[in-house]
Amino acid sequence: MVEAHESLDYEYALDHDCTTLSRHVFQQLQSFSADAQDLSALMSRIALAGKLIARRLSRAGLMEGALGFTGSENVQGESVKKMDVYANEVFISVFKQSGLVCRLASEEMEKPYYIPENCPLGRYTLLYDPIDGSSNVDININVGSIFAVCQQEGEDLDGTASDLLQSGRKLLAAGYILYGPSTMLIYSIGKGVHAFTLDPSLGEFILSSENIRMPDHGPIYSANEGNFWQWDESIRDYIRYVHRHEGYTARYSGALVGDFHRILFQGGVFLYPGTVKKPEGKLRLLYETAPLAFLAEQAGGRASTGTQDILDAVPDKLHARTPLIIGSKEDVALVESFIHERSRQAIAAH
Ligand code: FDP
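Calculation notes
Residues numbered from 1 in each chain as written. Predicted model: local features only at pLDDT ≥ 70, side-chain atom pairs only at ≥ 80, totals over all residues. Heavy atoms only, no water. UniProt positions renumbered as here; feature names shortened; annotations may be inferred. Helix = DSSP H or I, 4+ residues; strand = E, 2+ residues; numbered from the N terminus. Pairing = 2+ DSSP bridges. Contact = heavy atoms within 4.5 Å. Axes fitted to C-alpha atoms, helices over the stretch in contact; angles between N-to-C directions. Near = heavy atom within 4 Å. Polar contact = N/O pair within 3.5 Å; in protein donor to acceptor, adjacent residues only side chain to side chain. Areas by Shrake-Rupley, 256 points an atom, 1.4 Å probe, with all protein chains shown as cover. Nonpolar A, V, L, I, M, F, W, Y, C, P; charged D, E, K, R; others polar. Buried < 20%, exposed > 50% of the residue type's maximum accessible area, 1.4 Å probe, protein only. Salt bridge = Lys/Arg side-chain N within 4 Å of Asp/Glu carboxyl O.

Is there a simple way to think about the UniProt feature "domain: Fructose-1-6-bisphosphatase class I N-terminal" (unreviewed entry) in the chain in this case?
Listed under "domain: Fructose-1-6-bisphosphatase class I N-terminal" (unreviewed entry) in the UniProt record, and renumbered for this structure, are residues 20-209. Split by type, residues 20-209 is 26% helix and 31% strand. Its first and last C-alpha atoms lie 12 Å apart.

Looking at this model, I keep getting lost on the sheet that holds strand 13 (residues 268-272). Mind explaining?
The strands that make up a sheet pair up through hydrogen bonds in the backbone, lying either parallel or antiparallel. Spatial strand order, 12-11-13-15-14: five strands in an open sheet with mixed pairing. Whereas interior strands pair on both sides, the edge strands pair on one side only; in this sheet they are strand 12 (249-250) and strand 14 (302-304). Inspection of the sheet shows strand 14 paired to strand 15 (residues 324-327) by three bridges, in the antiparallel sense. Bridged to Ser-304 within strand 15 is Ile-325. Lying on the sheet, helix 5 (residues 233-244) is in contact with strand 11 (220-222) and strand 13; it crosses strand 11 at an angle near 145 degrees.

When you look at the site of the ligand in this model, what are you seeing that I'm missing?
Lining the immediate surroundings of the ligand are 14 residues, of which Asp-132, Asn-224, Tyr-252, Tyr-272 and Glu-288 lie closest. Contacts to the ligand include Asp-132, whose side-chain N or O atom sits 2.8 Å from an oxygen atom. Separating an oxygen atom of the ligand from a side-chain N or O atom of Lys-282 is a distance of 2.9 Å. Relative to its unbound accessible area of 460 Å², the ligand is 85% covered by the protein chains. Class assignment of the residues belonging to the shell around the ligand gives a composition of six nonpolar, five polar and three charged.

Can you walk me through the sheet that holds strand 4 (residues 113-114) in this structure?
Strand order in the open sheet formed by eight strands is 4-3-5-6-7-8-9-10, with mixed pairing between adjacent strands. Two strands in the sheet have a free side with no partner beyond their single neighbour: strand 4 and strand 10 (204-209). Judged from the five bridges that link them, strand 9 (residues 194-199) and strand 10 form a sheet pairing that is antiparallel. The residue bridging Asp-199 from the neighbouring strand is Glu-204, located in strand 10. Along the sheet face, helix 3 (residues 34-59) touches strand 3 (101-106), strand 5 (124-132), strand 6 (143-151), strand 7 (173-179), strand 8 (183-188), strand 9 and strand 10 and points at about 20 degrees away from the line of strand 7. Against the sheet, helix 4 (residues 82-95) contacts strand 3, strand 4, strand 5 and strand 6, and its axis sits at roughly 155 degrees relative to strand 5.

It is not clear to me how the UniProt feature "binding site: Mg(2+) 2" (unreviewed entry) in the chain should be interpreted in this structure. Could you clarify?
Per the UniProt record, "binding site: Mg(2+) 2" (unreviewed entry) is annotated on Asp-129, Asp-132 and Glu-288. Spatially, the listed residues are clustered: although they cover 160 residues, their C-alpha atoms lie within 8.4 Å of one another. Along the chain, the position of Asp-129 falls in strand 5. For Asp-129, the contacting residues outside a window of four places in its chain are Glu-107, Gly-144, Ser-145, Ile-146, Tyr-287 and Glu-288. As for its placement among the helices and strands, Glu-288 is situated in helix 7 (residues 285-298). Overall, Glu-288 belongs to the buried group, its relative accessible area being 2%. With sequence-adjacent residues up to four places away left out, Glu-288 is seen in contact with Glu-107, Asp-129, Asp-132, Ile-146, Leu-256, Lys-282 and Leu-283.

I tried to follow the environment of Ile-239 on my own but got confused; where do I start?
Position of Ile-239 relative to the elements: it lies in helix 5. As for Ile-239 and Ala-41, which are separated by 198 residues in sequence, their C-alpha atoms are 44 Å apart. What Ile-239 contacts, discounting residues up to four positions off in sequence, is Tyr-221, Glu-225, Phe-228 and Trp-231.

Explanation requested: the environment of Gly-281 in the structure shown.
Structurally, the position occupied by Gly-281 is in the loop between strand 13 and helix 7. What makes Gly-281 buried here is its relative accessible area of 2%. The residues contacting Gly-281, other than those within four sequence positions of it, are Pro-273, Gly-274 and Arg-321.

Please clarify how the pairing of strand 5 should be interpreted in this entry.
Side-chain positions along a regular strand alternate between the two faces of the sheet. Among the nine residues that make up strand 5, nine are buried, leaving the element largely enclosed by the rest of the structure. Two strands pair when backbone bridges link them, and strand 3 and strand 5 are joined in this way by five bridges, in the parallel orientation. For Leu-104, the partnering residue across the bridge sits in strand 5 and is Leu-126. Inspection of the sheet shows strand 5 paired to strand 6 by seven bridges, in the antiparallel sense. Its bridge partner being in strand 6, Thr-125 is matched across the sheet by Cys-150.

Whenever I open this one, unusual backbone geometry confuses me. Can you help?
One non-glycine residue, Gln-97, lies in the positive phi region at around 50 degrees. Within the secondary structure layout, Gln-97 lies in the loop between helix 4 and strand 3. Accessibility expressed as a relative area gives 67% for Gln-97, which makes it exposed.

Could you clarify how one ought to interpret helix 6 (residues 256-266) in this entry?
One turn of the α-helix equals 3.6 residues, which is why residues spaced by three or four share an orientation. Of all 11 residues making up helix 6, eight are buried, and the element is well covered by its neighbours. When helix 6 is considered as a whole, its buried residues turn out to be Leu-256, Val-257, Gly-258, Asp-259, Phe-260, His-261, Ile-263 and Leu-264. Phi turns positive, to about 85 degrees, at Gly-267, one or two residues after helix 6.

How do you make sense of the pattern of salt bridges when you look at a structure like this?
Pairing between side chains becomes possible if they bear opposite charge and their charged atoms approach one another. Across all of its chains, the model carries 18 salt bridges by this definition. Its salt-bridge partner being Asp-163, residue Arg-103 comes within 2.9 Å of it at the nearest N-O pair. With Arg-103 in strand 3 and Asp-163 in the loop between strand 6 and strand 7, the pair connects residues that are 60 residues apart, well separated along the chain. In this structure, Arg-103 and Asp-163 share a single accessibility class: buried. For Asp-237, the salt bridge is made with Arg-240, and the minimal N-O distance between the two is 3.1 Å. You can see Asp-237 and its partner Arg-240 sitting in helix 5, three residues apart, about one turn around the helix. For Asp-237, a relative accessible area of 15% translates into the label buried. By sharing partners, the salt bridges in this structure join Arg-169, Glu-297, Arg-302, Asp-309, Asp-312 and Glu-336 into a single network.

Right, here's the structure in full:
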């Protein structure tokens, strides 16, 4: 006979295994309303895209035509990898005939991609970076996908998608998929940040950490110090500070998703400031920095351009870039303090 406590343990384990993404969205919203159904279905589709990309990445070294460059450049003038193209198409494909998403905008496409058959119903737009950190793909280290969901405003009859040029405060959901030793999906619908891990035996993302809180301070600083010569003096002041104080350690993987993931769990700060060559930095607001800023704030952290919160920044074009300082609130504030001090000195000198 099963003892009462054993059956409770069993029930708990089963319940835990059944906490899939779509169920979690319903739990969070405590509703089966049309909006809740939409968000739940959206997350399930994003999860499917993640599983397809993870599957290809896991075998890429054995497949013909999965790795390497395509030979063309994207709208930002960057060389496109075959995996970028594949992952971009995966997201389009999973949202076709979904009735959910009317437009998709990604790093890999100059203009938004419209799915007219979805438009009468699905008034959502998916913003995404299909493969973030693609320089890591060919050497089999971590990469990610970043996504955000917003509601379409207006009819967009001229196809300019000008309503996308708004602040990240309007996002309904954001998250990323990390393709690492395990595949994880981290998301928020504005009710905390939650992590799911892909269980390959089930082919499902199962809840692994709920209501993640970023430490207020952490030891890690994460920046490409090869750009030191190109940074503003204020950023160099910060880097000199961490070099001269105990308690800091550097980590930089070359993939924003992986570097942010570490900071989300362990605290610290990731920086990609402006450089001489790229004064606005490298990272794109709509589908890289704003989605991660949304997660950072939901986890009790912060994200800043150096002069304003990332979530308050309004892009002037689809592929606009912003400097990024993201992570634990005390560490972000420390970087900002060096920026403020240099600008105070510059004003005083005039
Ligand atoms: P990548 O160009 O390889 O896709 O998204 C841009 C990004 O990677 C980030 O993931 C990463 O943090 C950064 O660029 C790396 O840039 P650097 O090589 O200039 O450090």
